[in-house]
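Commentary on secondary and tertiary structure
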Amino acid sequence: MTRQRILLLGAGGHGKAIADLLLASGRYDITGFVDAAPKASQVLGLPVLGDERLLGALAGQGVALAHAAVGDNAKRLAAAGRLRAAGFALPSLIHPAALIGHGARIGDGAAILARAVIGPEAEIGPLALINTGAIVEHDCVVAEAAHIGPGVVLAGGVRVGVAALIGAGAVVRPGIIIGAGAVIGAGAAVVDDIAPGARVAGVPARPV
């Protein structure tokens, strides 16, 4: 079976993680990276081709797929918009070492990294990032471009708003609602709903 070609926008640390996912999956041929300010000519042995001025030419050469490999939520949203405008489709990417429960839904452009667990009938929105070892339990909803950090645990029925960030190792109790754009500090224990745009940290999590 012919593998589709895919381009990565972003050659930083998150771009490296996405390339690792793709190499592990074996489902795609990675054309390379484009980056606004390349710091190296290669990442994991894959070429850094140049900046975003190449997008139109690469799409014209038959590279149909791309991924916004940018860790910052707002920048990832913007990068995805530029990729779509250039004519690329943004598939969801799932590491082969991730576990996806029955009935779970993964949106376009989302990335599920190694050893992440997505519970049954959970919903992962477009461009969301579920980082290494995170657990998103049954019936959770993670909205567009949210980032669930490494080792985070979302208990059942948690709702995470658009572009919210939950830092590494945080734990969120069942049924909590985290508003759009909220930031949860690493290692926090979230026991109450979090307002949109709030920044909280600690055990239990409190505004900072």
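Below you will find a few notes about this structure. Everything numeric here is computed off the predicted structure, so don't read it as measured data. (Residues numbered from 1 in each chain as written. Predicted model: local features only at pLDDT ≥ 70, side-chain atom pairs only at ≥ 80, totals over all residues. Heavy atoms only, no water.)

**Focus on the pattern of salt bridges**
If you walk through the whole model with that rule in mind, you get 5 salt bridges. Between Arg53 and Asp51 there is a salt bridge; the shortest N-O distance is 2.7 Å. For Arg53, a relative accessible area of 76% puts it in the exposed group. A residue is classified by how much of its surface remains accessible, and Asp51, at 22% relative accessible area, is partly exposed. One salt bridge in this structure joins Arg82 and Glu52, with 2.7 Å as the shortest N-O distance. Taken together, the residues span a long stretch of sequence, with Arg82 in helix H3 (residues 73–85) and Glu52 in the loop between strand S4 (46–50) and helix H2 (55–60) at a distance of 30 residues. (Salt bridge = Lys/Arg side-chain N within 4 Å of Asp/Glu carboxyl O. Buried < 20%, exposed > 50% of the residue type's maximum accessible area, 1.4 Å probe, protein only. Helix = DSSP H or I, 4+ residues; strand = E, 2+ residues; numbered from the N terminus.)

**Re helix H1 (residues 13–25)**
For H1, with 13 residues, the first-to-last C-alpha span of 19 Å sits near the 18 Å given by 1.5 Å per residue. Here H1 has its buried residues at His14, Gly15, Ile18, Ala19, Leu21 and Leu22. One side of H1 holds all its buried residues, which, seen down the axis, span an arc of 155°. Note on H1: the residue one or two positions beyond its end, Gly26, has a positive phi of about 70°. (Expected span 1.5 Å × (residues − 1). Arc of directions from axis to C-beta.)

**Side note on the environment of Gly197**
As for its placement among the helices and strands, Gly197 is situated in the loop between strand S22 (189–190) and strand S23 (199–201). Sequence separation between Gly197 and Ala182 is 15 residues; the distance between their C-alpha atoms is 4.2 Å. Non-local contacts of Gly197, meaning those with residues more than four positions away in its chain, are made with Ala180, Gly181 and Ala182. (Contact = heavy atoms within 4.5 Å.)

**Focus on unusual backbone geometry**
Residues Val203 and Pro204 are joined by a peptide bond in cis, for which omega reads -5°. Locating Pro204 in the fold gives a position in the loop between S23 and strand S24 (206–207). For Glu121, which is not glycine, the phi dihedral falls at a positive 60°. With respect to the secondary-structure elements, Glu121 resides in the loop between strand S10 (117–118) and strand S11 (123–124). Non-glycine residue Ala163 carries a positive phi angle of around 60°. Tracing the backbone shows Ala163 in the loop between strand S17 (159–160) and strand S18 (165–166). Of the residues examined, Ala163 reaches a relative accessible area of 24% and is grouped as partly exposed.

**A closer look at the sheet that holds strand S12 (residues 129–130)**
Sheet strands pair by backbone hydrogen bonding; their relative direction is either parallel or antiparallel. With mixed pairing, the 8 strands of this open sheet are ordered in space as S6-S9-S12-S15-S18-S21-S23-S24. Either end of the sheet is taken by a strand with one partner, and the two such strands are strand S6 (93–94) and S24. Bridging between S12 and strand S15 (residues 147–148) involves 2 bridges; their strand directions are parallel. Along S15, the bridge assignment pairs Ile130 with Ile148. (Pairing = 2+ DSSP bridges.)

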